[in-house]
Amino acid sequence: MEIPALTRSVVKHNHAIIAPDGYINSNVPGWSNCTVNVIINEDMGAGLCQTLITANQDCTIKGRTQASQIFFYVVEGSCTATVNGTEKALKTGQFVYVPIENDYSFTNIETGTRILTFHKVYEMLEGFDVPEVTFGEKDDSKAPVYMNDEALRIQELLPNNNSWDMAVNIFTYQSGGHLPMVETHIMEHGLLYLQGQGVYMLDQCWYPVKKGDSIWMAPYCQQWFTAMGKEPAVYIYYKNVNRFPT
Ligand code: UGY
Ligand code: MN
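Residues numbered from 1 in each chain as written. Chains lettered and ligands numbered in written order. Predicted model: local features only at pLDDT ≥ 70, side-chain atom pairs only at ≥ 80, totals over all residues. Heavy atoms only, no water.

What follows deals with the site of ligand 1. Every residue close to ligand 1 is listed here: Tyr 146, Phe 171, Tyr 173, Glu 183, His 185, His 189, Tyr 200, Gln 223, Tyr 235, Tyr 237 and Lys 239. Taking His 189, its side chain carries an N or O atom lying 3.1 Å from an oxygen atom of ligand 1. Side-chain polar atom of Tyr 200 to a nitrogen atom of ligand 1: 2.9 Å apart, as the coordinates give it. Surface burial for ligand 1 is 96%, taken as the share of its 270 Å² of free accessible area covered by protein chains. Elements represented by at least two residues in the shell around ligand 1 include exactly strand S14 (166-173) and strand S20 (233-240). Ranked by the residues each element gives to the shell around ligand 1, the list is headed by S20, at three residues. Here the shell around ligand 1 is composed, by residue class, of six nonpolar, three polar and two charged. (Near = heavy atom within 4 Å. Polar contact = N/O pair within 3.5 Å; in protein donor to acceptor, adjacent residues only side chain to side chain. Areas by Shrake-Rupley, 256 points an atom, 1.4 Å probe, with all protein chains shown as cover. Helix = DSSP H or I, 4+ residues; strand = E, 2+ residues; numbered from the N terminus. Nonpolar A, V, L, I, M, F, W, Y, C, P; charged D, E, K, R; others polar.)

Turning our attention to the environment of Val 38. Take Val 38: it is sitting in strand S3 (residues 31-40). Owing to a relative accessible area of 38%, Val 38 belongs among the partly exposed residues under this scheme. A C-alpha to C-alpha distance of 12 Å links Val 38 and Gly 190, two positions 152 residues apart in sequence. (Buried < 20%, exposed > 50% of the residue type's maximum accessible area, 1.4 Å probe, protein only.)

Here is the structure:
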C-alpha cells in the first residue's frame, strides 16, 4: 500500500515540483462545473500563475482578462473557444492566447477535458502594440533542433517580438537527451510535463519527474534536465521575455 505521507512534490523558496497527488481544488468565479488546481502563483513567490482545469459535465469557462493576459492550452479533450467575437473549435494540442481586457468563453467542453493556463501581468512597452488574440497548435514539424543537438527540439508557440512579454514553448527531448549546460538565468519558468519522464536538477537538488508533474523555477534557479525511459520527454513551459531588466 502507498504511504500517503510520501510525495515527490516539494515547495522551496526558488523552485517547486507539484505532482498531482497533492492537488486541492479551488473555485474560480466564472469557471463552472470544473476542477481547478492553482499550481503556481504569487503566494509561492512566483511572477506568473499556472492552473490546470479539468472539466466535469456541463463545464463552461467564462471571464474577462484584466491586468493579466492568459494562455489556454488543451492538454487533452475538446471545446469551443470564443475570444473577442472569434470562435474556434480546439482539441488536444491546440491553444488560444487571450490578451489583456478581452472577454473569453469556452463552451461545448467534453467531460474530462484538461486545459492548462499561464497568466502574466502584461507589461506595456512604448512604441509596441498589445499582442492580438492568437490561436495555434503543437506541431512537431515547426520544432527546430535546439543548440545543434538532434535529441532536442523546441517549438515556440507565440510570436517573438517586443509586443510580447511572455513566451510559451514546447521542449521535446529524445530519451537520453539533456540540456547542454546548467542554465542560470533571470527568466522565470512554469511548466507542465505532457509526456515521458526524466531527472531535473533545480538549485543543485535532483528530482525524478514525469508526465503530469508541474515545476516552478524562480529567476536564477539553476536548472538542468535529462530525459530517460522508453519515450521522448515533452514539457510545455512559460518564460517571461523581451522587457528591460529593472
Ligand atoms: O528557454 C529556456 O530557458 C529553457 N531551455 N529552460 C528549460 O527548459 N529549463
Ligand atoms: Mn530555462
